[in-house]
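# Structural description and commentary
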Amino acid sequence: MGLFTVARRELTSYFGSPVAYIVAAAFLALNGFLFAAVISNSQQADMSFVFGDVAIVLLFVIPGITMRLIAEEQRLGTLELLLTAPVRDWEVILGKFLAAFALFILMLVPTGLYVVFLVAFGHPDLSTILSGYIGIVLLGAAFIGFGLVTSALTQSQLVAFIVAFVLGLILWLLQGLAVTFSGGVASVVSFLGLSQHVSNFSSGLVQSDDVVYLLSLIVCSLFVATRILESRRYR
Amino acid sequence: MIEVKELTKFYGPRAAIADLTFTLEQGRILGLLGPNGAGKTTTMRILTGYMPPSSGVARVAGCDAFRDSLALRRHIGYLPERVPLYEDMTVDSYLQYCGRIHGVKGVTLGRRVREIVETCNAGEFHDRLIGKLSRGQRQRVGIAQALIHDPDVVILDEPTVGLDPRQIIETRQLIKSLGGRHTVVLSSHILPEVNAIADEVVIIHEGHVVAQDSPANLTQRLQGEQRYHLTVRGPLDDIVRTIKEQEWVRKAEGRSSAWDVCELTVHAADSTDIREQLAALIVTAGWGLRELTTTGLSLEEVYLKLTTEEEIEAA
């Protein structure tokens, strides 16, 4: 199926270039540093602050993964190959999404070492940690969705990176904007912000509204990216 | 196999192609001929389902290019103007990828890649990274990519650009060999190329079809006026005047080559052959007819003529 062919090529291409290694190294180095700092300060076997930091690192690491996905195909002219092959537009988008998501999960796996450390030297609440990871995985997937949208919009990887980063940052910071409003508006703005949902997960709460919100962000961005790809045909 | 009817495509207010109509039978090779910006690439992009037309119909293998785009794309192998290559892949893995997205699988895929590498003369660099290949090698990989899934219809946009003369000849032979089994559309702005490869030629200029025919017929049909070259022994001025008086002659001019021999060029009024009339005229007048030949227009001249005539019309 076209979907998996696209995903497979993309994943191979990640590991064929320095991108995957550099991004993964940056991700792990930053998180390792922050993990060490947080734990040595708090002296508690608790990951909830660490997850907050991971979320911020993802804010600029994920656009680094996603910036090339479609922008590069446009620059090379290979998009014409994909769009004239018997592959549906959503298969292209979903394939690319899966590849980036797989790389993201692979990057996340070594952070399991943190958990190992905590178990070895303390008594962490593993279910809270699991819930935190669910939040991070959903957040990462949403950022990948944003990155796909911006990468579909432009031929320039730099532009794709910056716009995806800013988009994520705005949604992340929306929480802070909520205080300037009152009543219903405040609660809507606060709900749309990402940080509250993520901190719910990292404090051990897996709530349906958080899950539904993040999932709908993912689905929406994949839908928008597909429509942008389709619209390239009309230009 | 290919049916294009009143195809029109606007980019903003500008029509890249207007009322394009032509058909192509199964197994034939069609050359789309026209200067840069004539609408060749636009036509091909519509035929491959890359973009929809503004109006009109394009059908390939019975599939509408817009409504049954996905079904149509299964029948097509396409080499775009910019060869779509991933520089970080080897030739083999790239061709496997191209095969897979066209639904070629397993054992067949491996066999097809070997065959096509052989056919396109890519054997010597099949395991190299595409980013390290020369322009000619890339072009060959591009053609291989268009053929990997053994499509019914092969669409090649400027397939010989960037090749050296030896490779151009090889590529032309390759394309010619596709005829019969595959239906081929290729675009070019090089006349001898289309003349050498194609069974049929469609000449486009500024988005309009100017002519469609076989290369030979096209030359003949578009001659409209036939030209003749004569070598005659006799007084130049008298000869030219006498010839010009005939109603079947539109124009005659000459120059003396030796002291009593002159070279003449005669344009006939229409496409009927006037060689015998010319010979009779000269012999009757008592001059010495030494040589009389027709000089047909080459397709290159036809082409120049077509485009100039278009320009005059437009102005």
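All values reported here derive from a predicted model rather than from experimental measurement.

## Overview of the overall build of chain A
Regarding its fold elements, chain A presents 12 helices and 0 strands. Listing each helix as α and each strand as β along chain A from the N terminus yields α-α-α-α-α-α-α-α-α-α-α-α. The C-alpha radius of gyration of chain A comes to 19 Å, within 12% of the 18 Å expected for a compact globule of 235 residues. Taking the principal axes of its C-alpha atoms as reference, chain A extends roughly 55 × 45 × 30 Å. Taken across its 235 residues, chain A has 53% of its residues classed as buried. Surface summary for chain A: the accessible area is close to 10200 Å², and the carbon and sulfur share equals 74%. When the 10 positive and 12 negative side-chain charges of chain A are each reduced to one mean point, those points stand 14 Å apart.

## Topic: a nonpolar patch on the surface
Residues and elements named next belong to chain A. Nonpolar side chains collect at one region of the surface, where Met1, Phe4, Trp90 and Leu98 lie side by side and expose about 430 Å² of accessible area between them. Mapped onto the secondary structure, Trp90 falls in helix H6 (residues 89-108). Classification of Trp90 by relative accessible area gives partly exposed; the value is 41%.

## Here we look at the sheet that holds strand S2 (residues 14-24) of chain B
Residue and element names in this part refer to chain B. Overall, antiparallel pairing links the 4 strands, which are arranged S2-S1-S4-S5 in an open sheet. Bordering the open sheet on either side are S2 and strand S5 (63-64), each of which pairs with just one other strand. Where strand S1 (residues 2-11) meets strand S4 (residues 55-60), 5 bridges bridge the pair, whose relative direction is antiparallel. Looking at the pairing, Thr8 lines up with Ser55 of S4.

## Looking at the pairing of strand S12 (residues 249-256) of chain B
All names here are of chain B. Strand direction decides the pairing type here: S12 and strand S13 (residues 261-268), joined by 7 bridges, are antiparallel. Counterpart to Gly254 in the pairing with S13 is Leu264. Where S12 hands over to S13, the hairpin turn is made up of 4 residues, counted between the paired strands.

## Focus on the confidence of the model for chain A
Taken residue by residue, chain A gives an average pLDDT of 90. The fraction at 70 or more is 100%. Within chain A, H6 of chain A carries the highest mean pLDDT (95), whereas helix H10 (residues 183-192) of chain A carries the lowest (83).

## Quick notes on the sheet that holds S12 of chain B
All names here are of chain B. Reading across the sheet, the 4 strands line up as S12-S13-S11-S14 and stay open at both edges, with antiparallel pairing between neighbours. In the strand order of this sheet, the two ends are held by S12 and strand S14 (288-294), each with one partner. Neighbour-to-neighbour, the strand axes of this sheet turn through a mean angle of 20°, independent of strand direction. Summarising the sheet, strand S11 (residues 227-233) and S14 pair through 6 bridges and their orientation is antiparallel. By the bridge assignment, His229 is partnered in S14 with Thr293. Contacts between helix H9 (residues 236-245) and the sheet are confined to S11, S12 and S13, with S12 contributing the most and set at about 170° to the helix.

## Details of the interface of chain B and chain A
Each partner contributes to the interface: chain B provides 28 residues, whereas chain A provides 24 residues. Across the chain B/chain A interface, buried area totals approximately 2500 Å², and carbon plus sulfur atoms make up 59% of it. When the area that chain B buries against chain A is broken down by residue, the three leading residues are Tyr50, Tyr86 and Ile101 of chain B, summing to 26%. Inspection of the region where chain B meets chain A yields 1 salt bridge.

## Side note on the environment of Ala36 of chain A
For Ala36 of chain A, the position within the fold is in helix H2 (residues 18-42). Spatially, the C-alpha atom of Ala36 of chain A lies 9.3 Å from that of Val50 of chain A, the residues being 14 residues apart in sequence.

## Observations regarding the packing of H2 of chain A against H6 of chain A
Packed helix pairs are specified by the crossing angle of their axes together with the interaxial distance, meaning the distance between the axes. Residues and elements named next belong to chain A. Remark: H2 packs on H6, axes separated minimally by 10 Å, with the N-to-C direction vectors making an angle of 40°. Overall, the two elements H2 and H6 adopt an arrangement that is oblique. As H2 runs across H6, the sense of the crossing is right-handed. Residues Ala20, Val23, Ala24, Phe27 and Leu28 of H2 form the contact with H6, whose own contacting residues are Leu103, Met107 and Leu108.

## Remarks on unusual backbone geometry
Residues and elements named next belong to chain B. One non-glycine residue, Glu6, adopts positive backbone phi at about 45°. By the secondary structure assignment, Glu6 is in strand S1. By relative accessible area, which is 48% here, Glu6 ends up partly exposed.

## Comments concerning the nonpolar core
Formed by 141 residues in total, the largest nonpolar core has its most connected members in Met47, Leu58 and Leu194 of chain A together with Ile2, Tyr94, Leu95 and Tyr97 of chain B. Counting residues per element, this core draws most heavily on helix H8 (residues 126-153) of chain A, at 13 residues. Setting aside residues no more than four positions away along its own chain, Ile2 of chain B makes contact with Phe22, Thr23, Leu24, Leu47, Arg59, Val60, Val153, Thr183 and Val185 of chain B. By size, the runner-up hydrophobic cluster in this structure holds 18 residues, among which are Leu230, Val232, Trp248 and Val249 of chain B.

## Observations regarding the environment of His102 of chain B
Checked against the element boundaries, His102 of chain B lands in the loop between helix H3 (91-101) and helix H4 (106-119). Once the C-alpha coordinates of His102 of chain B and Ile148 of chain B are considered, the two residues, 46 residues apart in sequence, prove to be 8.6 Å apart. What His102 of chain B contacts, discounting residues up to four positions off in sequence, is Thr84, Ala85 and Pro86 of chain A together with Arg73, Ile76 and His149 of chain B.

## Considering the packing of aromatic side chains
Scanning the entire structure with this criterion turns up 11 aromatic pairs over all chains. A centroid spacing of 5.6 Å and a plane angle of 80° characterise the contact between Tyr86 of chain B and Tyr97 of chain B, whose relative ring orientation is edge-to-face. Taken together, the residues Tyr86 of chain B in the loop between strand S6 (76-79) and H3 and Tyr97 of chain B in helix H3 connect sequence positions 11 residues apart. The class of Tyr86 of chain B is buried, set by a relative accessible area of 3%. The class for Tyr97 of chain B is buried, based on a relative accessible area of 3%. Taken together, Phe97, Phe101 and Phe104 of chain A form an aromatic cluster joined through their ring pairs.

Conventions adopted
- Throughout this document, residue positions are counted from 1 along each chain, in the order its sequence is written.
- Think of it this way: whatever chain is written first is A, whatever ligand is written first is 1, and the rest follow in order.
- Thresholds applied to this predicted model are a pLDDT of at least 70 for local features of residues and 80 or more for the giving and counting of side-chain atom pairs; totals over whole chains, interfaces and linings are not thresholded and use all residues.
- To obtain the side-chain values, all non-hydrogen atoms of the structure were used and water was disregarded.
- Put simply, DSSP marks the helices as runs of H or I at least four residues long and the strands as runs of E at least two long, and each gets a number from the N terminus on.
- Both definitions apply: the radius of gyration is a C-alpha atom measure, and the globule rule equals 2.2 Å times residues to the power 0.38.
- The buried label applies to any residue whose accessible area, calculated with a 1.4 Å probe on protein chains only, is under 20% of its type's maximum; exposed applies above 50%, and partly exposed to all values in between.
- In these tables, accessible area is a Shrake-Rupley quantity obtained with a 1.4 Å probe, and a residue counts as shielded only by the protein chains included in the view.
- Residues scored as positive are Lys and Arg, those scored as negative are Asp and Glu, and His as well as the terminal groups of each chain are ignored.
- To locate a charge, the coordinates of NZ of Lys, CZ of Arg, CG of Asp or CD of Glu are taken.
- Patches draw on residues past 30% relative accessible area with no salt bridge. Two like charges within 9 Å are joined, as are two nonpolar side chains (Val, Leu, Ile, Met, Phe, Trp, Tyr) within 5 Å.
- Any carboxyl oxygen of Asp or Glu within 4 Å of a side-chain nitrogen of Lys or Arg constitutes a salt bridge here.
- Here, strands pair whenever DSSP counts at least two bridges between them.
- Each residue carries a pLDDT value, the predictor's own confidence for that position, ranging from 0 to 100.
- Here the axes come from fitting lines to C-alpha atoms, over the contacting stretch only for helices, and the angles between their N-to-C directions go from 0 to 180 degrees.
- Between two residues, a contact is recorded if the distance between any of their heavy atoms is within 4.5 Å.
- Buried area: the accessible area, evaluated with a 1.4 Å probe, that two parts lose upon being put together, summed over both parts.
- Any angle from 65 to 115 degrees is called roughly perpendicular, while one under 35 is roughly parallel, one over 145 is roughly antiparallel, and all others are oblique.
- Left-handed describes a crossing in which the near helix is turned anticlockwise from the far one by less than a right angle; the clockwise case is right-handed.
- Nine residue types can take part in a nonpolar core, namely buried Ala, Val, Leu, Ile, Met, Phe, Trp, Tyr and Cys, and a core is a set of them joined through side-chain atoms within 4.5 Å.
- Stacked, tilted and edge-to-face are the three classes assigned to paired rings of Phe, Tyr and Trp, where Trp is represented by its six-membered ring and a pair needs centres within 6.5 Å; plane angles under 30 degrees give stacked, over 60 edge-to-face, the rest tilted.

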